[in-house]
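Analysis of the macromolecular model
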Amino acid sequence: MPHSFFGGVFPATRKESTRRKPLNPLSVSPEELVIPLLMCADGPSLPLVRPGDRVLRGQPVAQWEETGGAAAHSGISGRVTALEDRPHPWGGSSPAIIIRNDGQDTPWDGRPEPLTLREANLTSLMERVQGAGIVGMGGAAYPTWKKLDQAAGRVDTLIINAAECEPYVTADHRLLLERAKYIIQGGELLARCLGASHVVLVTEGDKLNAVESLERRLRRNKLVRLCTVRTRYPLGAEKQIVQTVTGREVPPGGSPLDVKCVVFNVATVYAIQDAFFRGHPLTHRAVTVTGGAVTRPRNLWVPIGTPWRVLLEACGGLREEAELMVTGGPMMGVALPSLDAPVLKSTNSLVCLTSPERKSEGAGSVCIRCGKCVDRCPMHLAPTFIRQALKANDLAALAKLHPEDCNACGCCSFICPAQIPLVETVTLAKNTLREGGAAQ
Ligand code: SF4
Ligand code: SF4
């Protein structure tokens, strides 16, 4: 029986246009890949190739360094044409490896041998995951081998996060439906290497076809169980999913490890088992291209580094002007600075919203003191009071309101009838406190 978490909201899911669309490859392989050196929350990677080098599909093109980063591999065969700044989905531009496709799709033969469950231990798993360049694919982009290292021996419950509570996005739903067997194998592998005694696969009840198929598969499985939860945003946030599954509350400023849990996104689990059991590096991922402005919304299985422009063209382009294009979902995602920016390991979607779809930001609206933002904040914050303290530049009051605990879920902005951009305000408050008032 699932537990519950405080707050949260019920945005319209708007997943109808893609939930029945299978993960398809592009009918024409992209002409070029743009592989940014910055794809990991831990910092940039070190390039292993130079302009003029020939690369094959699956070949490493960048490596992690002691200071951070993660390995990156080419999802096509071709030639490196440049190492130059290109638009980055996180904003601005950043150095990227540009690979021109030769159309041959020649595989690299240096791929590591597949391993079996008998060979599974923390060392073999960490080595394989590090070599495959796997990072948190639900958006965090934290190096997965580091997360494994931190979690080993400290957890009793491993949670596979397939909640996908962001409106519009269905890439994880399709992965769960189409590759369930591998995701379950990945959960078993992780539990064995980390010493977890339970694996809980969490999804929302709106993914009915996936739920039915998983229930059949897991009927006799004693290690992995399915937890189906009523749709509520932000179920997929780490602290909320831990509380929902176990009833344990992650302390402020803490992590799920503090309550003996670790959470992996479902796409990350798929990538981990693919690297371990088949020796595949992380070169492709599932993405959803959708929104009212898109001609034919689809789910696609694409090489990482494919420019979003190519994916939008594969969906028939825009049928009307997009007021906002956002990667990662409309609640927590970021506005895409340019369609020339590429798909990253951690980006699951491009949502192109029409003007009526996008709630206007209502700058200057007046707070009517309804208290809804306080009632709905899953982190027990008081966004309206944070806004007041920020406006008054009262740093002492601000510190007592703990804006640093905000996970940027966006529930407060969503629920506010005055359409005040509260999530931006709380983020500004967080930065203001960190910089001793300078961000104001
Ligand atoms: S204050 Fe932060 S955690 Fe709370 S609802 Fe707003 S965005 Fe979410
Ligand atoms: S939800 Fe909006 S209007 Fe209501 S108290 Fe919060 S800031 Fe004010």
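Let me sum up the structure you'll find in this document. Because the structure is predicted, anything quoted here is derived from the model rather than measured.

Let us look at the site of ligand 1. Looking at ligand 1, there are 14 residues lining it, with Cys377, Cys406, Cys409, Gly410 and Cys412 nearest. Judged by its atoms lying within 2 Å of the grid points, ligand 1 is housed in the second largest cavity. Elements supplying a minimum of two residues to the shell around ligand 1: α12 (411–415) and α13 (422–434). For the shell around ligand 1, the class distribution of residues is twelve nonpolar, two polar and no charged.

Here we come to the sheet that holds strand β5 (residues 60–63). Strand order in the open sheet made by the three strands is β3-β5-β6, with antiparallel pairing throughout. Since the sheet does not close on itself, it has two edges, and those belong to β3 (46–47) and β6 (72–73), each with one partner. Where β5 and β6 come together, two bridges link them in antiparallel fashion. Along β6, the bridge assignment pairs Pro60 with His73.

The next subject is empty space enclosed by the protein. In the structure shown here, the tally under the stated rule is three cavities of 30 Å³ or more. In this structure, the largest cavity spans a volume of roughly 110 Å³. What lines the largest cavity is a set of 14 residues, among which Cys367, Cys370, Cys373, Thr384 and Cys416 lie closest to the centre. Elements represented by at least two residues in the lining of the largest cavity include exactly α9 (372–376) and α10 (383–391). Partitioned by chemical class, the residues of the lining of the largest cavity number nine nonpolar, two polar and three charged. Empty space within the second largest cavity amounts to approximately 90 Å³. Taken together, 13 residues make up the lining of the second largest cavity; nearest its centre are Cys377, Leu381, Cys406, Cys409 and Cys412. Residue composition of the lining of the second largest cavity, grouped by class: eleven nonpolar, two polar and no charged.

A few words on the environment of Leu223. Summarising the element assignment, Leu223 is placed in the loop between α5 (208–217) and β11 (224–229). Given the relative accessible area of 28%, Leu223 is considered partly exposed. Along the sequence, Leu223 and Val326 sit 103 residues apart, while their C-alpha atoms lie 37 Å from each other. For Leu223, the contacting residues outside a window of four places in its chain are Glu188, Ala191, Ala196, Ser197, His198 and Val199.

Regarding helix α1 (residues 122–131), the residues found buried are Ser124, Leu125, Met126, Arg128 and Val129. Where α1 is buried, its residues contact α2 (144–151), α4 (180–194) and α7 (266–278). N-cap assignment for α1: the residue whose side-chain oxygen lies 3.1 Å from the backbone N of Thr123 is Asn121. Positioned one or two residues after α1, Gly133 has a phi angle of 70°, which is positive.

The sheet built from four strands is open, its strands ordered β2-β8-β7-β4 with antiparallel pairing. One side of each edge strand has no neighbouring strand; the edge strands of this open sheet are β2 (32–36) and β4 (54–55).

Taken together, Cys367, Ile368, Arg369, Cys370, Gly371, Cys373, Thr384, Cys416, Pro417 and Leu422 form the complete shell of residues around ligand 2. A majority-of-atoms criterion places ligand 2 in the largest cavity. For the shell around ligand 2, the residue count by class is seven nonpolar, two polar and one charged.

This part is about the packing of aromatic side chains. Geometrically, a pair of aromatic rings is defined through the distance of the ring centres and the angle of the planes. Counted by the stated rule, this structure contains four aromatic pairs. Ring geometry for Phe276 against Phe277: centres 5.3 Å apart, planes inclined by 85°, an arrangement best described as edge-to-face. Each of the two residues, Phe276 as well as Phe277, counts as buried. Taken together, the aromatic side chains of Tyr182, Tyr270 and Trp301 make up a single cluster linked through ring pairs. Positioned above the aromatic ring of Phe264, the side-chain terminus of Lys147 is 5.0 Å from the ring centre. The positively charged end of Arg232 is found above the aromatic ring belonging to Phe5, 4.0 Å away from the centroid.

Analysis parameters
Residues numbered from 1 in each chain as written. Chains lettered and ligands numbered in written order. Predicted model: local features only at pLDDT ≥ 70, side-chain atom pairs only at ≥ 80, totals over all residues. Heavy atoms only, no water. Near = heavy atom within 4 Å. 1 Å grid on protein atoms, 1.4 Å probe; cavity = no way out; pocket = protein on both sides within 12 Å on 5 of 7 lines; lining within 4 Å. Sits in = over half its atoms within 2 Å of the grid points. Helix = DSSP H or I, 4+ residues; strand = E, 2+ residues; numbered from the N terminus. Nonpolar A, V, L, I, M, F, W, Y, C, P; charged D, E, K, R; others polar. Pairing = 2+ DSSP bridges. Points joined across faces, edges and corners; volume = space filled by probe spheres on them. Buried < 20%, exposed > 50% of the residue type's maximum accessible area, 1.4 Å probe, protein only. Contact = heavy atoms within 4.5 Å. Polar contact = N/O pair within 3.5 Å; in protein donor to acceptor, adjacent residues only side chain to side chain. Phe/Tyr/Trp six-rings, centres within 6.5 Å; stacked < 30°, edge-to-face > 60°. Lys NZ or Arg CZ within 6 Å of the ring centre and 35° of its normal.

Structural measurements only, silent on function.
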